[in-house]
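Structural characterization, general
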Amino acid sequence: MSGIVIIGAGQAGTSVARGHGRLGFRVRLRCSATNLSRPISALPCPKGYLLGDTNLERLFLRATSFWKDSDIDLKLGAPVTAIDWLTKKVKK
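What comes next concerns the included structure. (Residues numbered from 1 in each chain as written. Predicted model: local features only at pLDDT ≥ 70, side-chain atom pairs only at ≥ 80, totals over all residues. Heavy atoms only, no water.)

**Considering the environment of R38**
Within the secondary structure, R38 is located in the loop between β2 (26–31) and α2 (46–50). On the accessibility criterion, R38 (6% relative accessible area) is buried. Placed 38 residues apart in sequence, R38 and L76 show a C-alpha to C-alpha distance of 7.3 Å. For R38, the contacting residues outside a window of four places in its chain are E57, F60, R62, A63, T64, W67, L74 and L76. (Helix = DSSP H or I, 4+ residues; strand = E, 2+ residues; numbered from the N terminus. Buried < 20%, exposed > 50% of the residue type's maximum accessible area, 1.4 Å probe, protein only. Contact = heavy atoms within 4.5 Å.)

And the structure:
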């Protein structure tokens, strides 16, 4: 099957990537975040982390192994500024 690019590595983007990967698509998940090793979840609130009530590991959306095990090509620090529909390419 063809590959797909998902822009945004939050809960929704990650769920879509995982589902399409299970269907046999090659998935590239792109996210503009550059300061983390993997996407964080909106839950639990980073406020808890800032107050010292939550450790950093709890903020991450998925374990490091998830991305490789799910065959998802996670590209952090890869913002998309445009989509060229004719060539089917995303532009940085």
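Don't stop here, the text continues.
**Looking at helix α1 (residues 11–22)**
Between the first and last C-alpha of α1 there are 17 Å, a value that for 12 residues agrees with the 16 Å anticipated at 1.5 Å per step. Count one or two residues on from α1 and you reach G24, which has phi positive near 100°. (Expected span 1.5 Å × (residues − 1).)

**Some points on the pattern of salt bridges**
What the rule picks out here adds up to two salt bridges. Between R28 and D73 there is a salt bridge whose closest N-O contact spans 2.9 Å. With a gap of 45 residues between them, R28 in strand β2 and D73 in strand β3 (residues 72–76) connect regions that are remote in the sequence. Among the residues examined, R28 registers a relative accessible area of 37% and is labelled partly exposed. In this structure, D73 engages K75 in a salt bridge whose closest nitrogen and oxygen atoms are separated by 3.6 Å. (Salt bridge = Lys/Arg side-chain N within 4 Å of Asp/Glu carboxyl O.)

**Things to note about the nonpolar core**
Formed by I6, A9, A17, V27, L29, C31, F66, W67, I72 and L74, the largest nonpolar core amounts to 10 residues. The set of elements that each furnish at least two residues to this core consists of β2, α4 (64–69) and β3. A per-element tally of this core places β2 first, with three residues. With residues up to four places along the chain from it excluded, the contact list for C31 reads A9, K75, L76, G77, A78 and P79. (Core = buried A, V, L, I, M, F, W, Y, C linked by side-chain atoms within 4.5 Å.)

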